[in-house]
Amino acid sequence: MPYAYDDQNIFARILRGEIPNDTVLETEHTLAFNDIQPQAPVHVLVIPRGPYVCYDHFAAEASEAEIVDFVRATAEICRMTGVGPGDGGDGYRVVANTGKNGVQDVPHFHLHILGGRLLGPMLPKT
Ligand code: AMP
């Protein structure tokens, strides 16, 4: 089934300037902003400007320019927020919740960059 993008999702509205955001970084193809309900001292959402639903959609269909811009933007955010080990930081976690089983709330691809505290195990034990 093809990916169906809902252009009324909240991140699409942020990209159109209809809803404010706490911007961390803007590039040609990428926007990063602080999560409105942070789960760690550093909790940045990184989104492509293009209409991609989820990680695999972006990875399959985005242009090389979009992908390179997005990946480099994540590196810049790690540097800016001081979480990257290359800059002396204590590390971070990148999360891309996807679909029903991944418990994705907003259907516009986004990475969570989480850091600034010990994050604990990746998943709770079931
Ligand atoms: P997910 O469950 O991976 O889709 O995560 C969606 C994230 O978007 C959650 O962590 C929300 O707190 C965050 N969020 C929702 N609305 C906004 C907003 N207007 N500005 C910033 N973050 C938001």
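Structural data are supplied above this passage.
Fair warning: this is a prediction, and the values are worked out from it, not measured in the lab.

*Asks:* Can you help me understand the pairing of strand 1 (residues 23-26) in this one?
*Replies:* Successive side chains on a regular strand alternate, one facing one side of the sheet and the next facing the other. In this sheet, strand 2 (residues 30-34) lies alongside strand 1 in antiparallel orientation, the contact comprising 3 bridges. Looking at the pairing, Thr23 lines up with Phe33 of strand 2.

*Asks:* Whenever I open this one, the site of the ligand confuses me. Can you help?
*Replies:* Close to the ligand lie 16 residues; Asp35, Asn97, Asp105, His110 and His112 are nearest. In this structure, an oxygen atom belonging to the ligand sits 3.4 Å away from a main-chain N or O atom of Val103. Backbone polar atom of Asp105 to an oxygen atom of the ligand: 2.7 Å apart, as the coordinates give it. In isolation the ligand offers 510 Å² of accessible surface; the protein chains occlude 87% of this area. Every element with two or more residues in the shell around the ligand is listed here: helix 1 (10-15) and strand 2. Here the shell around the ligand gets 3 residues from one element, more than from any other, and that element is helix 1. Across the shell around the ligand, the residue classes break down as 8 nonpolar, 6 polar and 2 charged.

Criteria and thresholds
Residues numbered from 1 in each chain as written. Predicted model: local features only at pLDDT ≥ 70, side-chain atom pairs only at ≥ 80, totals over all residues. Heavy atoms only, no water. Pairing = 2+ DSSP bridges. Helix = DSSP H or I, 4+ residues; strand = E, 2+ residues; numbered from the N terminus. Near = heavy atom within 4 Å. Polar contact = N/O pair within 3.5 Å; in protein donor to acceptor, adjacent residues only side chain to side chain. Areas by Shrake-Rupley, 256 points an atom, 1.4 Å probe, with all protein chains shown as cover. Nonpolar A, V, L, I, M, F, W, Y, C, P; charged D, E, K, R; others polar.

Read these as geometric descriptors, not functional statements.
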